[in-house]
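Examination of the molecular architecture
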Amino acid sequence: MLSAITAALRTVRGGKTSPRAAGFGEKAIEGILLLCAILSVVTTIGVLAVLLFEAVGFFSEVSFSQFFGDTKWTPLFANKHFGIWPLITGTLLTSAIAIAVALPLGLMAAIYLSEFAGRRTRAIVKPTLELLAGVPTIVYGYFALVFLTPILQAVVPGVGVFNALSPGLIMGIMIMPMISSLGEDALHAVPNALREGAYGLGASKLSTIFRVVVPAAKSGVVAAVTLAVSRAIGETMIVTIAGGAQPNFTFDPRGAVETMTAFIISVSKGDTPTGTIEYQTIFAVGSMLFLMTFVMNLVTQRLLRKSRGRGL
């Protein structure tokens, strides 16, 4: 297999290799890539199968009206309630705060790096921004709890020790490099002919950027934002440490909340017996989390197809 790959590489590099060996090498590489694709599909199917199997056991004891019609979530208490809405609102609240921070900052950083920064500046600033994504999330969580929360308590009235605002802001800083880096790649890939054509028509630099370059790179920018939103929804340690792990049905960012991922990690510590209804709540919540991200990706792709069909 290794020799076949080597032969194919020699063909690409212009080395002298027989057509038969080159064809075999290309087929071998194609087979390896196909196996990688199949592995990812099989893994996804396996995850879905586990989620559905355990979720069916959960919903055989808990009705959909209890799951979607209640606003209390206390499956580990003696007086059990299985209303998922406190976890959904906590997840959406922290994610919305994170996107409100990351989207404008990340997009402006991407525009600067692509359209204004010199090559040397880009080579320094872009890797520096990407370092933010490499910081362990548990460090971000304690930073939000011991540093940012006291500042917010001094500035914003009514902010508790545990709240949704602090982890939301820190999550926004964490996912900002994802938008800035991927967005910069999309903007930088726009052909210079489009810029030159806009300049030739008398457009200013800012007008060219926001009316020509950004719309032309819309697919890449939207993909970056979608990945960032998925990353924010799936974040665990920051919201677990700084959010408070209290499933309150609230849209007030000053109060404590619990996200879906925070609940999953709290139950996964090993204290809950396997096979119980409390244990199966992990998979019910995980199924909802998967469904939310899946629907979000479908909506994003549909909007992109519509915009391409209209020539936007």
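So, a few notes on the structure that sits alongside this text. (Residues numbered from 1 in each chain as written. Predicted model: local features only at pLDDT ≥ 70, side-chain atom pairs only at ≥ 80, totals over all residues. Heavy atoms only, no water.)

1. Points about the nonpolar core
Note that soluble globular proteins tend to have their nonpolar side chains buried in a common cluster. Quick reminder of the rule: In these notes, a set of buried Ala, Val, Leu, Ile, Met, Phe, Trp, Tyr and Cys residues joined through side-chain atoms within 4.5 Å is what counts as a nonpolar core. Buried means the residue's accessible area, taken with a 1.4 Å probe over protein chains only, is under 20% of the maximum for its type, while exposed means over 50%, and partly exposed covers the values in between. Numbering of helices and strands runs from the N terminus, with a helix taken as a DSSP run of H or I at least four residues long and a strand as a DSSP run of E at least two residues long.
One finds Trp-73, Ile-175, Met-260 and Val-285 to be the most contacted residues of the largest nonpolar core, which totals 64 residues. By residue number, the principal contributor to this core is helix α4 (residues 85-116), which donates 11 residues.

2. Notes on the pattern of salt bridges
Defined as follows: The term salt bridge refers to a pairing of a side-chain nitrogen on Lys or Arg with a carboxyl oxygen on Asp or Glu at a separation within 4 Å.
The full count for this structure, using the stated rule, is 7 salt bridges. Residue Lys-126 pairs with Glu-184 through a salt bridge whose shortest N-O separation is 2.8 Å. Placement of Lys-126 in helix α5 (residues 119-131) and of Glu-184 in helix α7 (residues 165-188) is noted, with a sequence separation of 58 residues between them. Assessed through its relative accessible area of 15%, Lys-126 is described here as buried. Through salt bridges with shared partners, a single network forms among Arg-122, Lys-126, Glu-184 and Asp-185.

3. Focus on unusual backbone geometry
Even without a glycine there, the phi angle at Ala-245 is positive, about 55°. Mapped onto the elements of the fold, Ala-245 is located in the loop between α11 (237-242) and α12 (260-267). Judged by its relative accessible area of 37%, Ala-245 is partly exposed.

4. Here we look at the packing of aromatic side chains
Selection criterion: Pairs were defined over the aromatic rings of Phe, Tyr and Trp, the Trp ring being its six-membered one, requiring ring centres within 6.5 Å. Orientation was assigned from the angle between planes: stacked under 30 degrees, edge-to-face over 60, tilted for the rest.
Per the counting criterion, the structure on display carries 14 aromatic pairs. The interplanar angle of 85° and the centroid separation of 6.5 Å between the aromatic rings of Trp-73 and Phe-82 together place this pair among those described as edge-to-face. In textbook terms, an aromatic cluster arises when at least three aromatic residues are bridged by ring pairs, as seen for Phe-58, Phe-59, Phe-64, Phe-67, Phe-68, Trp-73, Phe-82 and Phe-263.

5. A short note on the packing of α5 against α7
For any two helices packed against each other, one specifies the crossing angle of their axes together with the interaxial distance. What counts is decided by this rule: For every element, the axis is a line fit to its C-alpha atoms; helices are fit only across the contacting stretch, and the angle between N-to-C directions ranges from 0 to 180 degrees. When checking whether two residues touch, look at their non-hydrogen atoms; a contact exists if any pair is within 4.5 Å. The nonpolar class holds Ala, Val, Leu, Ile, Met, Phe, Trp, Tyr, Cys and Pro. Asp, Glu, Lys and Arg form the charged class, and all remaining residues, Gly among them, are polar.
Where α5 meets α7, the closest approach of the two axes is 8 Å, and the angle between their N-to-C directions is 145°. Residues Arg-122, Lys-126, Leu-129 and Glu-130 of α5 form the contact with α7, whose own contacting residues are Met-176, Pro-177, Ser-180, Ser-181, Glu-184, Asp-185 and His-188. For the contact of α5 with α7, the residue count by class is 3 nonpolar, 3 polar and 5 charged.

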